[in-house]
Amino acid sequence: MTAKGFRLLLCGWLLLSVSGCTSVNTALSSSNAAVEARQQNHTRAALSAQPPSTATASRDESIKPTSTRSSGSAGSPGSAVDPNNDGYFVGIAISGGGSRSANFSAACMFQLQRLGLLQRADYISSVSGGSITGAYYCLCADADWNTANVQQKLTHHFATDMVWTMSMPWNWLPLMFTNWDRSDILADTLQKHLYSRDKRPLTFADLRSDRPHLLINATDLQSGKPFVFCNESFDQLNSDLSSYPIAHAVAASSAAPVLLHQVTLQDFSTTFKQYRHLVDGGVVDNLGVKTLVETYRAQLKSSNGAVYPHGAVFILLDARTQYDARISSRGDTTLVESLQFSAGLSSTMLLNRASSATLDEIILDSAPDRVDAATLRRERDQLINEGYVRLDTSDSRPVYVLHLALSRVNELKELPFKSFTDSVNNISTYLNIDQAEAYQLYQAADLLFEQRFREPVKEIVGELNGATAQTKP
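In this text the structure is predicted, and so the values were computed from the model without any measurement.

### A word on the overall build of the chain
Consideration 1: Counting its secondary structure elements, the chain contains 14 helices and 13 strands.
Consideration 2: Expressed as a percentage of its 473 residues, the buried residues of the chain come to 52%.
Consideration 3: A separation of at least 24 residues holds for 78% of the contacts in the chain among residues at least 6 apart in sequence.
Consideration 4: When the accessible area of the chain is evaluated, it comes to approximately 21400 Å², of which 54% is carbon and sulfur surface.

### Some remarks on the state of the cysteines
Consideration 1: Scanning all chains against the criterion turns up zero disulfides.
Consideration 2: Left without a disulfide partner, C140 is nearest to the cysteine sulfur of C138, which lies 8.8 Å away.
Consideration 3: Assessed through its relative accessible area of 5%, C140 is described here as buried.

### Quick notes on the nonpolar core
Consideration 1: Counting 90 residues, the largest nonpolar core has Y195, F204, F229 and I315 as its most contacted members.
Consideration 2: Here this core gets 13 residues from one element, more than from any other, and that element is helix α14 (residues 435-471).
Consideration 3: In this view, I315 contacts V90, G91, I92, A93, L112, L117, L402 and L404; residues no more than four positions away in its chain are not counted.
Consideration 4: If you look at the next biggest cluster of nonpolar residues, it comprises 22 residues, including Y123, V228, L287 and L383.

### Points about the packing of helix α3 (residues 129-139) against helix α4 (residues 147-154)
Consideration 1: At a closest axis distance of 12 Å, the pairing of α3 and α4 adopts a crossing angle of 140°. The angle between α3 and α4 places the two elements in the oblique class. As α3 packs across α4, the resulting crossing turns out to be right-handed. The residues of α4 that touch α3, namely those facing I132, T133 and Y136, are N149, V150, K153 and L154.

### Some remarks on the confidence of the model for the chain
Consideration 1: Predicted confidence across the chain gives a mean pLDDT of 81, with 73% of residues reaching 70 or more.
Consideration 2: Across residues 12-20, where pLDDT falls below 50, the model places 20 contacts with residues more than four positions away in sequence or in other chains.
Consideration 3: Of the regions scoring below 50 in pLDDT, residues 51-62 engages in 16 contacts with residues more than four places distant in sequence or in other chains.

### Observations regarding the pairing of strand β9 (residues 263-266)
Consideration 1: Going residue by residue along β9, you find V263 and L265 tucked away on one face and T264 and Q266 tucked away on the opposite face as well.
Consideration 2: Relative to strand β10 (residues 275-280), β9 runs antiparallel, the two sharing four bridges. Bridge pairing links L265 to R276 in β10.

### Quick word on α4
Consideration 1: Those residues of α4 lying buried are N149, V150 and L154. Projection of α4 onto a plane perpendicular to its axis shows the buried side chains occupying an angular sector of 115°, all on one side. Exposed side chains of α4 directed beyond 90 degrees from the buried face belong to A148 and Q152.

### Description of unusual backbone geometry
Consideration 1: A positive phi is found at N238, a non-glycine position, where the angle reads about 55°.
Consideration 2: Mapped onto the elements of the fold, N238 is located in the loop between α8 (231-236) and α9 (246-253).
Consideration 3: Assessed through its relative accessible area of 1%, N238 is described here as buried.
Consideration 4: The phi dihedral of Y308 falls on the positive side, at around 50°, and the residue is not glycine.
Consideration 5: Judged by its relative accessible area of 0%, Y308 falls in the buried class.

### Some words on the pairing of strand β3 (residues 88-94)
Side chains on a regular strand alternate between the two faces of the sheet.
Consideration 1: In terms of burial, β3 is largely enclosed, as seven of its seven residues are buried.
Consideration 2: Side chains of β3 alternate between two faces, with Y88, V90, I92 and I94 and F89, G91 and A93 buried alike.
Consideration 3: Pairing of β3 with strand β11 (residues 311-318) involves seven bridges; the strand directions are parallel. The residue bridging G91 from the neighbouring strand is F314, located in β11.

### Description of the side chain of N238
Consideration 1: Side-chain polar atoms of N238 contact the backbone oxygen of S29, separated by 2.8 Å.
Consideration 2: Excluding residues that lie within four positions of it along the chain, N238 makes contacts with T26, A27, L28, S29, S30, S31, R38, F268 and S269.

### Looking at helix α7 (residues 182-193)
Every α-helical turn comprises 3.6 residues, leaving residues that sit three or four positions apart pointing alike.
Consideration 1: Between its first and last C-alpha, α7 extends 17 Å over 12 residues, near the 16 Å set by a 1.5 Å rise per residue.
Consideration 2: Along α7, nine of the 12 residues are buried, which leaves the element largely enclosed by surrounding structure.
Consideration 3: Considered for burial, the residues of α7 that qualify are R182, S183, D184, I185, L186, A187, T189, L190 and Q191.

Calculation notes
Residues numbered from 1 in each chain as written. Predicted model: local features only at pLDDT ≥ 70, side-chain atom pairs only at ≥ 80, totals over all residues. Heavy atoms only, no water. Helix = DSSP H or I, 4+ residues; strand = E, 2+ residues; numbered from the N terminus. Buried < 20%, exposed > 50% of the residue type's maximum accessible area, 1.4 Å probe, protein only. Contact = heavy atoms within 4.5 Å. Areas by Shrake-Rupley, 256 points an atom, 1.4 Å probe, with all protein chains shown as cover. Disulfide = S-S within 2.5 Å. Core = buried A, V, L, I, M, F, W, Y, C linked by side-chain atoms within 4.5 Å. Axes fitted to C-alpha atoms, helices over the stretch in contact; angles between N-to-C directions. Parallel < 35°, antiparallel > 145°, perpendicular 65-115°, else oblique. Left-handed = near helix turned anticlockwise from the far one by under 90°. pLDDT = per-residue confidence, 0-100. Pairing = 2+ DSSP bridges. Arc of directions from axis to C-beta. Polar contact = N/O pair within 3.5 Å; in protein donor to acceptor, adjacent residues only side chain to side chain. Expected span 1.5 Å × (residues − 1).

Written as structure tokens, this is what we have:
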């Protein structure tokens, strides 16, 4: 590219960076309707579990929409149920981390499926790149959930699609003078390659009734608080979740500030023009586990302790790494490289600290009132060092926490090659990934289960199977 061409491209990029925003959500009821008369959402994206519908989805490509907007109360006290009838709340949290997280979490989910634990999940809570995999699993047909197809889907270069689309001169005017923005482009490519069926965009109405409830996490740009794409959040906006495209929710969860534009939702609860602006969910909780914990507690409270008598299982699929810029052999770096390395280091360290703080919160919040500090430290150290802990709570409901972290590859033995750990740690947080890198993530997941997590998972499955046998008449 000539210098003149580069300058034109750079000017175009700068102009695109200040483009506007769009909202694709629609109203659920008239804003003039009384609050108590408004319809409520009943999709599978629910903080309060609901009894399975009689019109459940089939397990093939002819899957019909399983949820529609309807009147009545979603998630009222007593509506919480245990769909697997095992007396346990089983939740899977999938962290952020771009295509690295998407592929690592898929590799872990296949391992969990082989051991019989993925099938027992009641909820999936996902953040950023983890939402790509979580949403695909909760939507796709059985025939599409296989390693060959998933690897092919999740190694697509979504970021390249975005750059190519934005670099086309004929797209500059629409990007500058319409509400079409960078996050819309990401949603378009996600929808094209992952979230469409027979050229029809998949929405929250298409979530499978025989798969876990899906909770996609973003961050409210104005308040800095978590925003979960669920019935309850959209009820507050008087907006129809069943018609909202999954691709836009995943784009919101992945909308890293500055790099991507915020995803906008219109608030239809008022006649005034009001909007919610959403960015990457990892800003608040990069593990996605807080939403699971809060959902579990809310359901216990709403049912007066009637649900999940045996406790809870939280499975954390964490794609964080130990950042290494690989610049020790270089005398100097360019300005662009310095910005890239600094951003990578700061974001990785901040997210790792936030993830550690979240794990500490689980330990503290699950502890009985009279537990001593030494016990808390011992449980925390066990979770950090071993990746697995059983917590005894104040209400005699044990909580099992399984922390499947990619960073634990540093502790493994018998690695495929000498520099394997360095290679995995340098897979970037980006929406592009090489097939060789994706293969290494599958290798890492295989090794983690083989050397560290197979026995803990078998123990949990044994507990679930035993509880199921106890509940049968």
